[in-house]
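Examining the three-dimensional arrangement
In case you want the letters, here they are:
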Amino acid sequence: MGRATAARPTQISIDPGLLMVKSLKKYFLVFTAPTLAAFLIAFLVPFFMGLYLSFTNFRTISDAQWVGLENYQQVFAQGNNFLPSLLFTAMVSALSIITVNLGAFALAYMLTRKLKGTNFFRTVFFMPNLIGGLVLGYTWQAMLNGILTNWDLTIVSDWRIGFAGLIFVSNWQLMGYMMIIYIAGLQNVPPELIEAAQIDGASKARILRSVTIPIMVPSITICLFLTLANTFKMYDQNLALTDGAPLNQTQMVALNIVDTMYTKNNMEGVAQAMAVIFFVIVSVIALLQLRVTRAREIDQ
């Protein structure tokens, strides 16, 4: 009779990556605590404090007195200029979204062609985004006023001139940044799809409309969102370029809120209510924009 052989224990291989994940979970709070603390201190706590203060009459946080919806009723009073500034902001934002994104896409399309010096031009077009809003506003105010003096005008002689100036400055600052995002989107278009369309006899315009743009919808979504957010909450450029002149006709909402808070007596609660309403309006518009554009995205 043969000897019975003892069964050997089966060796179970454990994925080293899984072991690493399990070990790192122990230190999750160590790595995330600084970020969570910064978010809590810099955003969450001030947000809810501001929401509470919008229902109070206050000079400092310690002397806040509850007044209910009174501040929100005063927001729309004629002398506070909130609705006109909101309308002006919407006009600036709507036109800027169109011009910035069309210009940025055109630049990105040209700079992804096989041309000489594309890296140099990408850098040049991106550089205005690195300049602060106040510096940009005061610099362009001086240059535009220098040109307009030939016709005995300034940037604040007429609200339409100030409006055009704000559109120009927002395009100058944002177009290069959006261009970089569009370049990344264009480089992500599969070449085989372009080649297949060319073999089928599609023109360049048809390829752009039916192949390139549908695939680039995620990039378009990001650029539309960023342009919307940046133009709606524009403050520095508005302050430096026009400061709301003439007669607050070029005053955007962010500047209106700061002006109400710091230049008008006993209006701190009203200014805080304006900020809450402005936050809700921008959030709703941004969410609607994201929902509409994401519905058009296609899986690659």
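Here's what I pulled together on the structure shown here. These figures come from a predicted structure and were not determined experimentally.

On to the overall build of the chain. A count of helices and strands for the chain gives 13 helices and two strands. If one aligns the C-alpha atoms of the chain with their principal axes, the spans along those axes are about 110 × 65 × 30 Å. For the chain, the residues scored as buried account for 37% of the 300 residues in total. Total accessible area computed for the chain in this model is approximately 18,900 Å², and 66% of it derives from carbon and sulfur atoms. The positive charge centre, built from 19 side chains, and the negative charge centre, built from 14, are 17 Å apart in the chain.

Across soluble globular proteins, nonpolar side chains show a tendency to be buried alongside one another. Residues Ala104, Ala108, Met178, Met179, Tyr182 and Met216 are the most contacted members of the largest nonpolar core, which totals 21 residues. Among the elements of the structure, α4 (82–111), α7 (159–187) and α9 (204–215) are those that each provide at least two residues to this core. Among the elements that take part in this core, α7 stands out by supplying eight residues, more than any other. Setting aside residues up to four positions removed in sequence, Met179 forms contacts with Ala104, Leu107, Ala108, Leu111, Arg122 and Phe125. Counting 19 residues, the second-largest nonpolar core is a separate cluster that includes Leu86, Phe232, Phe278 and Ala286.

This next bit is on the environment of Met274. Tracing the backbone shows Met274 in helix α13 (residues 268–294). Residues Met274 and Ile207, 67 residues apart in the sequence, show an inter-C-alpha distance of 46 Å. The residues contacting Met274, other than those within four sequence positions of it, are Val75, Asn80, Phe82, Asn256, Ile257 and Thr260.

Taken as a whole, this structure holds two salt bridges when the rule is applied. Arg59 serves as the salt-bridge partner of Glu268, at 4.0 Å between the closest nitrogen and oxygen. Here the residue Glu268 occupies a position in helix α13, and Arg59 occupies one in the loop between β1 (56–57) and β2 (65–66), the gap between them amounting to 209 residues. Residue Arg160 pairs with Asp158 through a salt bridge whose shortest N-O separation is 3.0 Å. For Arg160, a relative accessible area of 53% gives the class exposed. According to the relative accessible area criterion, Asp158 is partly exposed, its value standing at 22%.

Time to look at the side chain of Gln272. Looking at where Gln272 falls in the secondary structure, it is placed in helix α13. Among the residues examined, Gln272 registers a relative accessible area of 18% and is labelled buried.

Parameters and conventions
- Residues numbered from 1 in each chain as written.
- Predicted model: local features only at pLDDT ≥ 70, side-chain atom pairs only at ≥ 80, totals over all residues.
- Heavy atoms only, no water.
- Helix = DSSP H or I, 4+ residues; strand = E, 2+ residues; numbered from the N terminus.
- Buried < 20%, exposed > 50% of the residue type's maximum accessible area, 1.4 Å probe, protein only.
- Areas by Shrake-Rupley, 256 points an atom, 1.4 Å probe, with all protein chains shown as cover.
- Lys, Arg positive; Asp, Glu negative; His and termini not counted.
- Charge placed at Lys NZ, Arg CZ, Asp CG, Glu CD.
- Core = buried A, V, L, I, M, F, W, Y, C linked by side-chain atoms within 4.5 Å.
- Contact = heavy atoms within 4.5 Å.
- Salt bridge = Lys/Arg side-chain N within 4 Å of Asp/Glu carboxyl O.

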